[in-house]
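Observations on the three-dimensional arrangement
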Amino acid sequence: MRIVVGHLYPDYLNIYADRGNIAVLTARAAWRGHELEVRRVTVGEGLTPGEHDLLYIGGGQDREQALVARDLAAMAEEVRAAVTGGAALLAVCGGYQLLGRSYRDLHGLDLAGVGLFPLETVAGERRMIGDVLLECELEPGVRRTLAGFENHAGRTRLDAGAQPLGRVISGFGNDGEGGWEGCRVGRAVGTYLHGPLLPRNPWFADWILAQALAHATGADAPTLPPLSDDLETEAHAVSARRAAARGGRF
Ligand code: GLN
C-alpha cells in the first residue's frame, strides 16, 4: 500500500531530530511491504484535505513558529477537514502548540493556531527540559509507556473534557503541574516528546502507521505484523531509566 504523508514545514520546524520520525515510519512501513511517500508542505503551498493519509509537523523555537504561524493558520480549515476526513496526524512540541487555538510566546506575541486540539499554550519563564515517561491507553485496556525528551517554555492547558495523550510518570508534561501530557483527537496526536520520539517507541510508530493505513484503505486500522524491536526496546528502557532518574526537575 502507498501511504501519503504531508510533512508540514520541514524547512522551519525540525529540532531534536524530529525528522527522524519520518525515517522510522518509512522503514517500518517498508518492512511490511508498504511505501511511504513524503510530500513537503511549506509556506505558500497550501493543503488539500484528503490528499494525505498522515500529516506530520515537528517542533521549533519561537522564532520559527512565528515564521510559519500565519501560513498555517490560513489553512486551518483544510487541516481540520483532513483530520475530520480520517487522516492521521502527529504533531511534536512547537507544531503541537500551533495546532491548538493559540500560542503566546516568551515575548507576549500571540500566534493564532489551527484549533484542531482543544487547548491553548502560554510560554513561561523557566523552560521545562528533560527526559519524560508517560503511560498511555490509546486502545481501551491496553496500557503502554512512551519515552522521550522535552524542552519547552510553553505551558499547555487542555479544555475540560479534552483527551490527553498520556499520564506523566516522570517529567513535566503539558504544564509541569497537571500530570498529563499531549492531546488526542481521534487519529490526531499532539505531544511535547522529542528525541526523536518514534525510534524508542516502536508500538507508537506502528499505531500511527496503522491509523494512516486505515485512511489509505478506508478500512479499520490493521494490526501490523510484529518486528524484532530489540534495539528499539533497549532504547526505550534507557530513556525510561533516565526519565525516572531525573525527569521533571528544574
Ligand atoms: N518554542 C516552543 C516552546 O518553547 C516550542 C519548543 C520546541 O518545539 N521544542 O515552548
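Being a predicted model, the structure only gives us computed values, none of them experimental. (Residues numbered from 1 in each chain as written. Predicted model: local features only at pLDDT ≥ 70, side-chain atom pairs only at ≥ 80, totals over all residues. Heavy atoms only, no water.)

What follows covers the pairing of strand S3 (residues 54-57). Residues of S3 alternate between two faces, with Leu54 and Tyr56 on one and Leu55 and Ile57 on the opposite face, all of them buried. Sheet topology note: the strand S1 (residues 2-8)/S3 ladder contains 4 bridges and is parallel. Each residue of the ladder has a partner; that of His7, found in S3, is Tyr56. (Buried < 20%, exposed > 50% of the residue type's maximum accessible area, 1.4 Å probe, protein only. Helix = DSSP H or I, 4+ residues; strand = E, 2+ residues; numbered from the N terminus. Pairing = 2+ DSSP bridges.)

Our focus in this paragraph is the pattern of salt bridges. Under the counting rule described, the total for this entry stands at 19 salt bridges. Where Arg63 meets Glu64, a salt bridge forms, and the shortest distance between an N and an O atom there is 2.8 Å. Taken together, the shared-partner salt bridges connect Arg2, Glu37, Arg39 and Glu51 into one network. (Salt bridge = Lys/Arg side-chain N within 4 Å of Asp/Glu carboxyl O.)

Let's shift gears to the sheet that holds strand S2 (residues 35-41). Within the open sheet, the 6 strands sit side by side as S2-S1-S3-S4-S12-S11. Their pairing is mixed. With partners counted over all chains shown, the strands left at the sheet margins are S2 and strand S11 (183-185), one partner each. For this sheet the average axis-to-axis angle between neighbouring strands, irrespective of direction, equals 15°. Here helix H5 (residues 202-217) sits on the sheet and contacts S1, S2, S3, strand S4 (88-92), S11 and strand S12 (188-191); the angle it forms with S4, its principal contact strand, is near 140°. (Axes fitted to C-alpha atoms, helices over the stretch in contact; angles between N-to-C directions. Contact = heavy atoms within 4.5 Å.)

Here we take up the site of the ligand. Taken together, 16 residues are adjacent to the ligand, and Gly60, Asp62, Gln65, Cys93 and Gly154 come closest. In this structure, Asp62 approaches the ligand through a side-chain N or O atom, which is 2.7 Å from a nitrogen atom. Measuring from a nitrogen atom of the ligand, one finds a side-chain N or O atom of Gln65 at 2.7 Å. For the ligand, whose unbound accessible area comes to 300 Å², protein coverage reaches 100%. With respect to the detected pockets, the ligand is housed in the largest cavity. Looking at the shell around the ligand, the elements that each hand over two or more residues are helix H2 (62-74), helix H4 (94-98) and strand S8 (142-158). It is S8 that contributes the most residues to the shell around the ligand, 4 residues altogether. Of the residues that constitute the shell around the ligand, the class distribution is 4 nonpolar, 10 polar and 2 charged. (Near = heavy atom within 4 Å. Polar contact = N/O pair within 3.5 Å; in protein donor to acceptor, adjacent residues only side chain to side chain. Areas by Shrake-Rupley, 256 points an atom, 1.4 Å probe, with all protein chains shown as cover. 1 Å grid on protein atoms, 1.4 Å probe; cavity = no way out; pocket = protein on both sides within 12 Å on 5 of 7 lines; lining within 4 Å. Sits in = over half its atoms within 2 Å of the grid points. Nonpolar A, V, L, I, M, F, W, Y, C, P; charged D, E, K, R; others polar.)

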